[in-house]
Amino acid sequence: MLPAIAPGDWLLTDPTIRRWPRTGSVVVFREPGSGVLALKRVSPPPGGAFPVELRPDEAWLTGDADETTAAAAAFGPPLDSRAYGPVGVDRLVARAWLRYWPPRRLGRIPHRAR
Amino acid sequence: MYRLTRWLEPKTVVRAHCDLPCGIYDPEQARIEAESVYKTIEKYHASDDPIFRGRALHIKEERAELVKHHLDVLWHDYFKPEHLGTVPNLHELFWNANKQASKVKGSLDLEEAKKLLGMIDEVDAAWKATGGPAKTRIAGRPG
């Protein structure tokens, strides 16, 4: 999720959220399958030749690195909605909105309209 | 200061990583499966028991599929754009080897299985030329 979020950043999150926030927000959720707590960005679902239609309670979540960057870093294929599909709101845990530590990283987590 | 950071410290750790890469890659995995394919074709031809032959076919196809899987993992996860400088025909190499693995999956021709072994050896040479053995295997096994 660089540069928005770096390994070791401490984040302030809003766990009272009950609906997927708007596109570009960063959310904490339980990954489908593994149940691991993960952090991704709410993104527009794919269009093009194979469009994905979301139900009202679903979101399309992706990491900030595109597939080429992830492959170049040898991370393997991205583990996000491109792998597990749309995510239901029952898996939403919180919305991340502030980095507060280390002090040089202090700031709001930037929105990104994609 | 310590007390302040202790107080500020988050109670939950969240993962933002794309995946968990173990970073271990070796064309030997594909080679072993391709050798299995080769031997199974040999055994198929040496037998006239239809049940044995049926099993051999099934196993051969399963192993050929695993060859493709291991080649794909090397191609997608180990090799990086900068390796094209050392191995300019990298994509062609994998394209041909995977095509050959598909061909062998549907064939009982020993020569085709042998060709596949040769192509995996070319992938192995590319892996070695890009420093694969030192970068992606753990040293220290007894020789």
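Please refer to the structure higher up on the page.
What comes next is a walk through the structure. Treat the numbers as computed from the prediction; the structure is a model and nothing was measured.

A closer look at the overall build of chain B
Helices and strands together make up the secondary structure of chain B, namely 6 helices and 0 strands. Secondary structure elements in chain B, listed N-terminal to C-terminal, are α-α-α-α-α-α. Counting over 143 residues, chain B shows a buried share of 34%. Intrachain contacts of chain B at a sequence separation of at least 6 include 72% that bridge at least 24 residues. Taken as a whole, chain B presents about 9000 Å² of accessible surface, with 57% of it coming from carbon and sulfur.

Notes on the overall build of chain A
Of the regular secondary structure elements, chain A holds 2 helices and 7 strands. Shown N-terminal to C-terminal, the secondary structure of chain A runs as helices and strands in the order β-β-β-β-α-α-β-β-β. Taking all 114 residues of chain A together, 45% fall into the buried category. Pairs at least 24 apart in sequence give 60% of the contacts found in chain A among residues at least 6 apart.

So, the side chain of Ser25(A)
Residues and elements named next belong to chain A. Position of Ser25 among the secondary structure elements: in the loop between β1 (10-14) and β2 (26-30). By relative accessible area, which is 2% here, Ser25 ends up buried. A distance of 2.6 Å separates the side chain of Ser25 from the backbone oxygen of Arg22, its partner in a polar contact. Once residues within four sequence positions are removed from consideration, Ser25 is found in contact with Lys40, Arg41, Val42, Arg95 and His111.

Let's talk about the pattern of salt bridges
For side chains bearing opposite charge, pairing can occur when the charged atoms are close. Counting across every chain of the model gives 15 salt bridges over all chains. Taken together, the salt bridges that share partners define one network made up of Arg55(A), Asp57(A) and Glu58(A).

Describing the nonpolar core
All names here are of chain B. Within the largest apolar cluster, 26 residues are counted, with the highest numbers of intra-cluster contacts made by Val67, Leu71, Leu74, Phe79, Phe94, Leu116 and Ile120. Among the secondary structure elements, those contributing two or more residues to this core are α2 (28-46), α3 (50-78), α4 (90-105) and α5 (110-129). It is α5 that provides the largest number of residues to this core, a total of 7 residues. Those residues in contact with Leu116 that lie beyond four places of it in its chain are Ala34, Val67, Ala97, Gln100, Ala101 and Val104.

Points about the packing of α3(B) against α5(B)
Residue and element names in this part refer to chain B. The N-to-C vectors of α3 and α5 enclose an angle of 20 degrees; their axes lie 12 Å apart at closest approach. Compared by their axis directions, α3 and α5 come out roughly parallel. Along this stretch, α3 crosses α5, giving a crossing that reads as left-handed. Of the residues in α5, those touching α3 at Val67, Leu71, Leu74 and Tyr78 are Leu116, Ile120, Val123 and Trp127. Taken together, the residues that form the contact of α3 with α5 break down as 8 nonpolar, no polar and no charged.

Conventions and cut-offs
- Residues numbered from 1 in each chain as written.
- Chains lettered and ligands numbered in written order.
- Predicted model: local features only at pLDDT ≥ 70, side-chain atom pairs only at ≥ 80, totals over all residues.
- Heavy atoms only, no water.
- Helix = DSSP H or I, 4+ residues; strand = E, 2+ residues; numbered from the N terminus.
- Buried < 20%, exposed > 50% of the residue type's maximum accessible area, 1.4 Å probe, protein only.
- Contact = heavy atoms within 4.5 Å.
- Areas by Shrake-Rupley, 256 points an atom, 1.4 Å probe, with all protein chains shown as cover.
- Polar contact = N/O pair within 3.5 Å; in protein donor to acceptor, adjacent residues only side chain to side chain.
- Salt bridge = Lys/Arg side-chain N within 4 Å of Asp/Glu carboxyl O.
- Core = buried A, V, L, I, M, F, W, Y, C linked by side-chain atoms within 4.5 Å.
- Axes fitted to C-alpha atoms, helices over the stretch in contact; angles between N-to-C directions.
- Parallel < 35°, antiparallel > 145°, perpendicular 65-115°, else oblique.
- Left-handed = near helix turned anticlockwise from the far one by under 90°.
- Nonpolar A, V, L, I, M, F, W, Y, C, P; charged D, E, K, R; others polar.

Everything listed is a geometric property; what it means functionally is a separate question.
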